[in-house]
Amino acid sequence: MDWPNAVFEVIDTRSFSSLWFWIALAVTWSMASHWVLGVPYDMVLRAARRDGAAEHDLEELVRINVDRMLHIARVGGLWLVGAASFALTMLALLGFLYRVEVAQALFCLLLPLSLVWAMGLRAARRIRAEALAGDALRRALRTQRVVTQALGMLAIFLTALWGMYQNLSRLPLAG
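Just so it is clear, the model here is predicted, and its values are computed rather than measured. (Residues numbered from 1 in each chain as written. Predicted model: local features only at pLDDT ≥ 70, side-chain atom pairs only at ≥ 80, totals over all residues. Heavy atoms only, no water.)

This part takes up the nonpolar core. Judged by nonpolar contacts, the single largest core of 21 residues is most densely connected at Leu37, Leu58, Val62, Val66, Ile127, Leu137 and Leu141. A total of six residues in this core trace back to one element, the largest contributor, which is helix α4 (residues 53-97). Not counting residues within four places of it along the chain, the set of residues in contact with Leu37 comprises Asn65, Met69, Gly120, Ala123, Ile127 and Leu141. (Core = buried A, V, L, I, M, F, W, Y, C linked by side-chain atoms within 4.5 Å. Buried < 20%, exposed > 50% of the residue type's maximum accessible area, 1.4 Å probe, protein only. Helix = DSSP H or I, 4+ residues; strand = E, 2+ residues; numbered from the N terminus. Contact = heavy atoms within 4.5 Å.)

Set out below in structure tokens:
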């Protein structure tokens, strides 16, 4: 028995034709837009409807997550940027130069997510620098969510275009 062929028969490496890839893509962007700076967006909505404890909980959770993000960026930020750049470059080369479809799919998923992470870090720095609270904090989180959703829609659209191109280029010519 030829093990590599058996593995590749069980695991389909044609990602763009796999329903599981598209489900994972949708779930990833859904989660990315729901968890704004590590805070579930329903907390932002609840704090807007009711003041008091809900507002205090939101501000504390945002403060904890902002402190955590900024600490990680301060301590290991350059290493993280280097590792992420290496990984994205490797995926881009494997995917688009050597035509490995799994690498293309991962690149299409991870590149926009790295932009979301960078935008989140920028928002965290702004929240800390301006000591945002109350309505200003909710507005900053809402803006972060809308920008994440817009980036997600663009990423899904471009991934779908590339995936359709990949799938159509594999069809045998009729005639």
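This next bit is on the pattern of salt bridges. Charged atoms that come close allow side chains of opposite charge to pair. Counted according to the given criterion, the structure contains eight salt bridges. Of the charged contacts, one joins Arg139 and Asp135 as a salt bridge, the two residues approaching to 3.0 Å between their closest N and O atoms. With Arg139 and Asp135 both in helix α6 (residues 134-169), this residue pair falls four residues apart, about one helical turn. Overall, the relative accessible area of 44% leaves Arg139 in the partly exposed class. (Salt bridge = Lys/Arg side-chain N within 4 Å of Asp/Glu carboxyl O.)

This part is about the environment of Thr28. Here Thr28 lies in helix α2 (residues 19-34). A relative accessible area of 23% means that Thr28 is categorised as partly exposed. Along the sequence, Thr28 and Leu88 sit 60 residues apart, while their C-alpha atoms lie 17 Å from each other. Excluding its chain neighbours within four sequence positions, the residues that come into contact with Thr28 are Leu109 and Leu113.

Taking 1.5 Å per residue as the helical rise, helix α5 (residues 101-130) with its 30 residues ought to reach 44 Å, and the 44 Å between its terminal C-alpha atoms agrees with that figure. Ala131 sits one or two positions beyond α5 and adopts a positive phi of about 50 degrees. (Expected span 1.5 Å × (residues − 1).)

Every buried residue of helix α3 (residues 41-49) is listed here: Tyr41, Met43, Val44 and Ala47. Projected down its long axis, α3 carries its buried residues within an arc of 155 degrees, all on one side. Lining the buried residues of α3 we find α2, β1 (35-36), β2 (39-40), α4 and α6. (Arc of directions from axis to C-beta.)

For any two helices packed against each other, the geometry comes down to the angle between their axes and how far apart the axes lie. Contact geometry for α3 and α6: axes closest at 11 Å, N-to-C directions at 145 degrees. The chirality of how α3 crosses α6 is left-handed. For the pair formed by α3 and α6, the contact residues are Tyr41, Val44, Ala47 and Ala48 on the first element and Arg138, Leu141, Arg142 and Arg145 on the second. Taken together, the residues of the contact of α3 with α6 break down into five nonpolar, no polar and three charged. (Axes fitted to C-alpha atoms, helices over the stretch in contact; angles between N-to-C directions. Left-handed = near helix turned anticlockwise from the far one by under 90°. Nonpolar A, V, L, I, M, F, W, Y, C, P; charged D, E, K, R; others polar.)

Let us look at the packing of α2 against α5. Running from N to C, α2 and α5 point in directions that differ by 5 degrees, and their axes come no closer than 11 Å. Taken together, the axes of α2 and α5 lie roughly parallel to each other. The residues of α5 that touch α2, namely those facing Phe21, Leu25, Thr28, Trp29 and Ala32, are Ala105, Leu109, Pro112, Leu113 and Val116. Here the residues of the contact of α2 with α5 are counted per class, giving nine nonpolar, one polar and no charged. (Parallel < 35°, antiparallel > 145°, perpendicular 65-115°, else oblique.)

This part takes up a nonpolar patch on the surface. Taken together, the side chains of Phe86, Met90, Leu93, Leu94, Leu97, Tyr98, Val100, Val102, Leu106 and Leu110 present a nonpolar region at the surface, about 910 Å² in accessible area. Elements with a contribution of two residues or more to the nonpolar patch: α4 and α5. Note on placement: Leu106 falls in helix α5. The partly exposed category is assigned to Leu106, whose relative accessible area is 36%. (Patch = residues over 30% accessible without salt bridge, like charges linked within 9 Å, V, L, I, M, F, W, Y side chains within 5 Å. Areas by Shrake-Rupley, 256 points an atom, 1.4 Å probe, with all protein chains shown as cover.)

Attention shifts here to unusual backbone geometry. Of note in this structure, Arg99 is not a glycine but carries a positive phi near 60 degrees. Tracing the backbone shows Arg99 in the loop between α4 and α5. Phi is positive for Ala131, which is not a glycine, with a value near 50 degrees. Within the fold, Ala131 resides in the loop between α5 and α6. Its relative accessible area of 59% is what places Ala131 among the exposed residues.

Function cannot be read off these values alone, since they describe shape.
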